[in-house]
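Observations on chain architecture
Spelled out from the first residue to the last, the chains are:
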Amino acid sequence: MKYAVQAAILAASLFGAMGAASADSIPGMRGHDHTGITVPDMKQAVDFFTNVVGCKKAMSFGPFADDKGTFMQDLLGVDPKAVIEEITQIRCGYGSNIELFKYTAPDQKDATPKNSDIGGYHIAFYVDDVAAAKAYLEGKGVKTRMGPLPVKEGPAAGQTILYFQAPWGLQLEAISYPEGMAYEKGAETVLWSPKDPTK
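Description of the structure in this document. Just so you know, these numbers come straight off a predicted model, no measurement behind them.

Let us now look at the state of the cysteines. Applying the stated rule across the entire model yields one disulfide. Across a sulfur-sulfur distance of 2.1 Å, cysteine 55 and cysteine 92 are joined as a disulfide pair. The disulfide joining cysteine 55 to cysteine 92 has a torsion of about 100 degrees about its S-S bond and is therefore right-handed. Separated by 37 residues along the polypeptide, cysteine 55 in the loop between helix 2 (42-53) and strand 2 (56-61) and cysteine 92 in the loop between strand 3 (83-91) and strand 4 (97-104) bring together distant segments of the chain. Accessibility assignment for this pair places cysteine 55 and cysteine 92 in one class, buried.

Right under this line is the structure:
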C-alpha cells in the first residue's frame with residue numbers, strides 16, 4: 001500500500017494535470033508544465049535558483065524508494081535500488097516550473113552534458129535586458145559566456161541571448177525579444193512567451 005501511495009504522488013508530480021484534447025497530440029495536452037533536473041546538491045541548487053535567478057520555492061517532498069521491489073524501475077526507468085532523496089519544485093516568474101531531483105543510485109553517472117551532446121539541454125529565462133542580466137550574474141560570481149549576442153538575421157532576428165552556468169555546470173540562457181522575432185510576421189504558430197503568456 002505504501003508503494004501505491006508513493007506511485008500516485010510521484011506520478012502526479014511528474015506528469016501533471018491533463019486538459020482538453022486536440023488532433024494529433026497526447027489527449028488533453030495543454031502545455032509544458034515543468035522541466036525536471038537532477039542536481040548533485042539540493043541545497044546548492046535551491047539557493048542558486050532562488051537567491052541568484054530569482055525563482056520561488058513552492059514545495060519539497062520525498063524520499064521515494066523501493067528496497068524490496070522494482071517500483072523505481074517500473075515507474076521511472078531507473079535502477080530498482082535508486083532513491084529519490086528529495087524533490088523540490090520551483091516557479092520562475094511567468095514561465096513553467098522547474099522540478100529539482102536529488103537522486104542516489106548504484107549506477108548513477110556524474111556527467112553534465114554540453115549543449116552539443118545528444119541529450120544535452122539548457123533552461124532559458126526571458127529577461128527584459130540581457131546586458132543588465134549579464135552584469136547582475138557576473139556580480140554574483142556566475143560564469144557567463146560571450147554576449148549579449150543580438151540576432152540580426154533569419155527567423156530568430158530580434159532576440160538577444162546570453163548563456164551562463166549554474167555552479168554544478170547546468171547550462172542556462174538569458175533571452176530577450178522585446179519587439180518580437182522576424183518569423184512572427186505571418187506565422188501560423190507563434191512560440192509561447194512569458195512576456196505575453198496569454199498569446
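From this point, the narrative continues.
This part is about the pattern of salt bridges. Per the stated rule, a full pass over the model turns up two salt bridges. Lysine 114 is the salt-bridge partner of aspartate 117, the closest N and O atoms lying 3.6 Å from each other. Exposure remark for aspartate 117: the relative accessible area of 31% places this residue in the partly exposed category. Between lysine 134 and glutamate 138 there is a salt bridge whose closest N-O contact spans 3.9 Å. Highlighted residues: lysine 134 and glutamate 138, both in helix 4 (residues 130-139), separated by four residues, approximately one helical turn. Accessibility expressed as a relative area gives 42% for glutamate 138, which makes it partly exposed.

Pairing within the open sheet is mixed, and its four strands lie in the order 1-4-3-2. The open sheet has two free edges, formed respectively by strand 1 (34-38) and strand 2, since each of these has just one partner strand. Neighbouring strand axes in the sheet, compared pairwise and without regard to direction, differ in orientation by 20 degrees on average. Pairing analysis gives five bridges linking strand 1 to strand 4, with the strands arranged parallel. Each residue of the ladder has a partner; that of isoleucine 37, found in strand 4, is leucine 100. Its contacts with the sheet place helix 2 against strand 2, strand 3 and strand 4, and it is angled at close to 165 degrees to strand 4.

Buried within helix 4 we find Val130, Ala133, Lys134 and Leu137. One side of helix 4 carries all its buried residues, which in axial view fall inside an arc of 100 degrees. Within helix 4, the exposed residues directed more than 90 degrees away from the buried face are Ala135 and Gly139. Here the buried face of helix 4 lies against helix 2, strand 7 (160-165) and strand 8 (171-176). The N-terminus of helix 4 is capped by aspartate 129, whose side-chain oxygen sits 3.0 Å from the backbone nitrogen of alanine 131. A positive backbone phi angle near 80 degrees is found at glycine 141, which sits one or two residues after helix 4.

Rules and cut-offs
Residues numbered from 1 in each chain as written. Predicted model: local features only at pLDDT ≥ 70, side-chain atom pairs only at ≥ 80, totals over all residues. Heavy atoms only, no water. Disulfide = S-S within 2.5 Å. Helix = DSSP H or I, 4+ residues; strand = E, 2+ residues; numbered from the N terminus. Buried < 20%, exposed > 50% of the residue type's maximum accessible area, 1.4 Å probe, protein only. Salt bridge = Lys/Arg side-chain N within 4 Å of Asp/Glu carboxyl O. Pairing = 2+ DSSP bridges. Axes fitted to C-alpha atoms, helices over the stretch in contact; angles between N-to-C directions. Contact = heavy atoms within 4.5 Å. Arc of directions from axis to C-beta. Polar contact = N/O pair within 3.5 Å; in protein donor to acceptor, adjacent residues only side chain to side chain.

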